[in-house]
Amino acid sequence: MELLAIGNGFPGRWGYFPWAVSSSPEIASVDCIKSRSFIPFREPGVIFGGITCNLIAHEKGRTELYFGNKYNLSEDTYVERVDAIIE
C-alpha cells in the first residue's frame, strides 16, 4: 500500500523531507524507492522524479506509523501517528 509520494521538484524541501516509519518493523515496514510517475500532475513528477514509500506487511499484528520529517531525532517529534492493524 502506498503511503507517501515525494517529489524532488521546485522549490525544494527547505529542510523538511516527508517520511514515514513503523514502530514495529517486524510486523510491517516502510519501503521507499526512487521513482517517477507518468500520470500528469502527480508526484513524483516525470521531470524531477522523487520517492514513493509503501507499507510492506510481514506478519499479523499491530504497529504505529509515524509521519513527519525524515530527519527527526526521536519518535516523540513526529507530527502524525496512525495505528495500522495487519490481518
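## With respect to the overall build of the chain
So, step 1. Looking only at helices and strands, the chain features zero helices and six strands.
So, step 2. Walking the chain from its N terminus toward its C terminus, one meets helices and strands in the order β-β-β-β-β-β.
So, step 3. Over its C-alpha atoms, taken along the principal directions, the chain stretches across nearly 40 × 25 × 15 Å.
So, step 4. Buried residues in the chain amount to 33% of all 87 residues.
So, step 5. The long-range share in the chain, meaning contacts at least 24 apart out of those at least 6 apart in sequence, stands at 57%.

## Topic: the confidence of the model for the chain
So, step 1. With 94% of its residues at a pLDDT of 70 or more, the chain shows a mean pLDDT of 86.
So, step 2. At the level of individual helices and strands, the chain shows its lowest average pLDDT in strand β1 (residues 2–7), which scores 87, and its highest in strand β3 (residues 28–35), which scores 94.

## What about the side chain of Thr63?
So, step 1. Take Thr63: it is sitting in strand β5 (residues 61–69).
So, step 2. Relative accessible area serves as the criterion here: at 3%, Thr63 is assigned to the buried category.
So, step 3. Within polar-contact distance, the side chain of Thr63 engages the side chain of Ser23 at 3.3 Å.
So, step 4. Among residues more than four places away in sequence, those in contact with Thr63 are Ser22, Ser23, Ser24, Ala28, Val82, Asp83 and Ala84.

## Re the sheet that holds β5
So, step 1. If you trace the three strands from one edge of the open sheet to the other, you get β2-β5-β6, paired in antiparallel fashion. This sheet does not close on itself; its edge strands, each paired only once, are β2 (18–22) and β6 (80–86). Looking at each pair of strands side by side, their axes are set apart by 25° on average, direction ignored.
So, step 2. Bridge count for β2 against β5 is five bridges, and the pairing is antiparallel. Bridging across to β5, Val21 finds its partner in Tyr66.

What counts as what
- Residues numbered from 1 in each chain as written.
- Predicted model: local features only at pLDDT ≥ 70, side-chain atom pairs only at ≥ 80, totals over all residues.
- Heavy atoms only, no water.
- Helix = DSSP H or I, 4+ residues; strand = E, 2+ residues; numbered from the N terminus.
- Buried < 20%, exposed > 50% of the residue type's maximum accessible area, 1.4 Å probe, protein only.
- Contact = heavy atoms within 4.5 Å.
- pLDDT = per-residue confidence, 0-100.
- Polar contact = N/O pair within 3.5 Å; in protein donor to acceptor, adjacent residues only side chain to side chain.
- Pairing = 2+ DSSP bridges.
- Axes fitted to C-alpha atoms, helices over the stretch in contact; angles between N-to-C directions.

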